[in-house]
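Given next are the chains, with one letter for each unit.
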Amino acid sequence: MISFKRAFAGAVILTCLAGSPAHAADTTSGDLVITGAWSRATPGGAKVAGGYLTIENRGHSAERLQAASTAHALRTEIHEMAVNDGVMTMRALDKGLVIAPGQIITLAPGGGHLMFIGLDIPLHAGDQMPVKLSFEHAGEVNVTLDVQAIGAQAPARTVSTAAAEPAHRAEQAAAASVAATSDADESFFTHLHAEKAMANFTVSPGRAGPVEIAIQLEDANELPLSADAVAVTLGNAEHGVAPITANAERVGNDRWRVRMSAPLSGRWSLGLDIRITPVDAVNVVSPILLR
């Protein structure tokens, strides 16, 4: 597991630019170009957040992102995503992330990402969070993550950044953005973290209506967790939909599944009641965004 203790005890205050949303500048270090660094705002009490960015290797040799860290999290991990038996799962890359010569790798929601665990401060839209990336050859590179709204799917783009990109890359980015927003059956994936248990859950499809929620449980060491029972609660206070709770069905040692209904699009509150043993339970809540 790749982890870093916080660099120093005193917290570095997150900065917010007044007037208009902040935009992180592109970062160049040797043959590496890092762009579009961002994160999402965290709901109250959340201790985990994802980090996303694009790394381009313009050199002739492979580079490796070995680790990442921020003063605002107890540890930061590099994660990759995989689909096993229809359930999206996540694991830390113990040997880091390799970027081949000429390759462009994008860490984005639903795919590979940085995971900040044990946040000491909530993230709000408009904040900027400093992060240190450690590369095998380029060494340490400092980047700044722009914090977007809860449920954001991509960073805000500036006119100057878009104009500076080669035309074919701008077209590809625009096409990808349209595809992401027009695919009504795209699943919603997120990660919940508590002291004794973690949960990767996938809501399929990621739109209003009948949904299937797949849950994979892990313990504090990110090993498969076998619980006695799991209950899921869905509610939407914004539209006056009272919370409804349903018991999930076990489909594997650490996997659970439940079918529920979320009749309206927008932001919902999803809660998990994980009964590890009859006398030991964990409750976590996260917002989910349905189209």
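Caption draft 1: Region of the structure containing the overall build of the chain. Looking only at helices and strands, the chain features two helices and 21 strands. Counting the 291 residues in the chain, one finds 44% classified as buried. Taking as baseline every contact in the chain between residues at least 6 positions apart, the subset at least 24 positions apart corresponds to 64%. Carbon and sulfur atoms form 54% of the exposed surface of the chain, whose accessible area is close to 14,100 Å².

Caption draft 2: Highlighting the packing of aromatic side chains. Under the criterion given, the structure shown has one aromatic pair. Ring centres of Trp38 and Tyr52 lie 4.7 Å apart, and the angle between their planes is 40°; this geometry places the pair in the tilted category. Placement of Trp38 in strand β3 (residues 32–40) and of Tyr52 in strand β4 (residues 48–57) is noted, with a sequence separation of 14 residues between them. For the residue pair Trp38 and Tyr52, the accessibility class agrees, reading buried in each case.

Caption draft 3: Representation of the nonpolar core in the model. Counting residues in hydrophobic clusters, the biggest one holds 31 residues, and the most contacted among them are Ile213, Ile215 and Leu272. Taken together, the elements giving at least two residues each to this core come down to β13 (188–193), β14 (197–204), β15 (209–219), β16 (229–236), β19 (255–262), β20 (266–277) and β21 (280–290). For this core, the element with the highest residue contribution is β20, accounting for five residues. Residues contacting Ile213, with those up to four places away along its chain left out, are Phe201, Thr202, Val203, Val232, Leu234, Trp256, Arg257, Val258, Met260 and Leu270.

Caption draft 4: The sheet that holds β21, seen in detail. The strand order across the open sheet built from four strands is β17-β16-β20-β21, with neighbouring strands paired in antiparallel fashion. Both edges of this open sheet fall to β17 (241–247) and β21, since each of them pairs with a single strand only. Going across the sheet, the axis of each strand differs from the next one's by a mean of 20°, ignoring polarity. When β20 meets β21, the two strands line up antiparallel, connected through eleven bridges. By the bridge assignment, Gly266 is partnered in β21 with Leu290.

Caption draft 5: Inspection of unusual backbone geometry at higher detail. Here Ser204 and Pro205 are connected by a cis peptide whose omega angle stands at -15°. As for its placement among the helices and strands, Pro205 is situated in the loop between β14 and β15.

Caption draft 6: Quick look at the sheet that holds β14. Spatial ordering of the open sheet is given by β13-β14-β15-β19-β18, a layout of five strands whose pairing is antiparallel. Unpaired on one side and paired on the other, β13 and β18 (249–250) mark the two borders of the sheet. In the sheet, β18 pairs with β19 via two bridges, with the strands oriented antiparallel. The partner of Arg250 across the bridge, within β19, is Trp256.

Caption draft 7: Region of interest: the confidence of the model for the chain. Here the chain averages 78 in pLDDT, while 78% of its residues score no lower than 70. Here residues 1–22 scores under 50 on pLDDT; set against residues more than four positions off or in separate chains, the count is 55 contacts. Low pLDDT (under 50) marks residues 158–184, which in the prediction has 16 contacts with non-local residues, meaning those over four places away or in another chain.

Caption draft 8: Expanded view of the pattern of salt bridges. One pass over the full model with this rule turns up eight salt bridges. As a salt-bridge pair, Arg75 and Glu77 come within 2.8 Å of each other at their nearest N and O atoms. Across this residue pair, the class does not change: Arg75 and Glu77 are buried. For Glu212, the salt bridge is made with Arg257, and the minimal N-O distance between the two is 3.6 Å. Placement of Glu212 in strand β15 and of Arg257 in strand β19 is noted, with a sequence separation of 45 residues between them. Within this structure, Glu212, Arg257 and Arg259 form a network of salt bridges that share partners.

Caption draft 9: Quick peek at the side chain of Gln128. With respect to the helices and strands, the residue Gln128 is situated in strand β11 (residues 127–135). When its relative accessible area of 12% is taken as the criterion, Gln128 is described as buried. Only 3.0 Å separates the side chain of Gln128 from the side chain of Asp146, close enough to count as a polar contact.

Caption draft 10: Broad picture of the environment of Gly139. Of note, Gly139 is situated in strand β12 (residues 139–148). With a relative accessible area of 25%, Gly139 lands in the partly exposed category. Along the primary structure Gly139 and Gly30 are separated by 109 residues, whereas in three dimensions their C-alpha atoms are 9.8 Å apart. Ignoring sequence-local partners within four residues, the contact set of Gly139 consists of Leu133 and Ser134.

What counts, and where the lines are drawn
- Residues numbered from 1 in each chain as written.
- Predicted model: local features only at pLDDT ≥ 70, side-chain atom pairs only at ≥ 80, totals over all residues.
- Heavy atoms only, no water.
- Helix = DSSP H or I, 4+ residues; strand = E, 2+ residues; numbered from the N terminus.
- Buried < 20%, exposed > 50% of the residue type's maximum accessible area, 1.4 Å probe, protein only.
- Contact = heavy atoms within 4.5 Å.
- Areas by Shrake-Rupley, 256 points an atom, 1.4 Å probe, with all protein chains shown as cover.
- Phe/Tyr/Trp six-rings, centres within 6.5 Å; stacked < 30°, edge-to-face > 60°.
- Core = buried A, V, L, I, M, F, W, Y, C linked by side-chain atoms within 4.5 Å.
- Pairing = 2+ DSSP bridges.
- Axes fitted to C-alpha atoms, helices over the stretch in contact; angles between N-to-C directions.
- pLDDT = per-residue confidence, 0-100.
- Salt bridge = Lys/Arg side-chain N within 4 Å of Asp/Glu carboxyl O.
- Polar contact = N/O pair within 3.5 Å; in protein donor to acceptor, adjacent residues only side chain to side chain.

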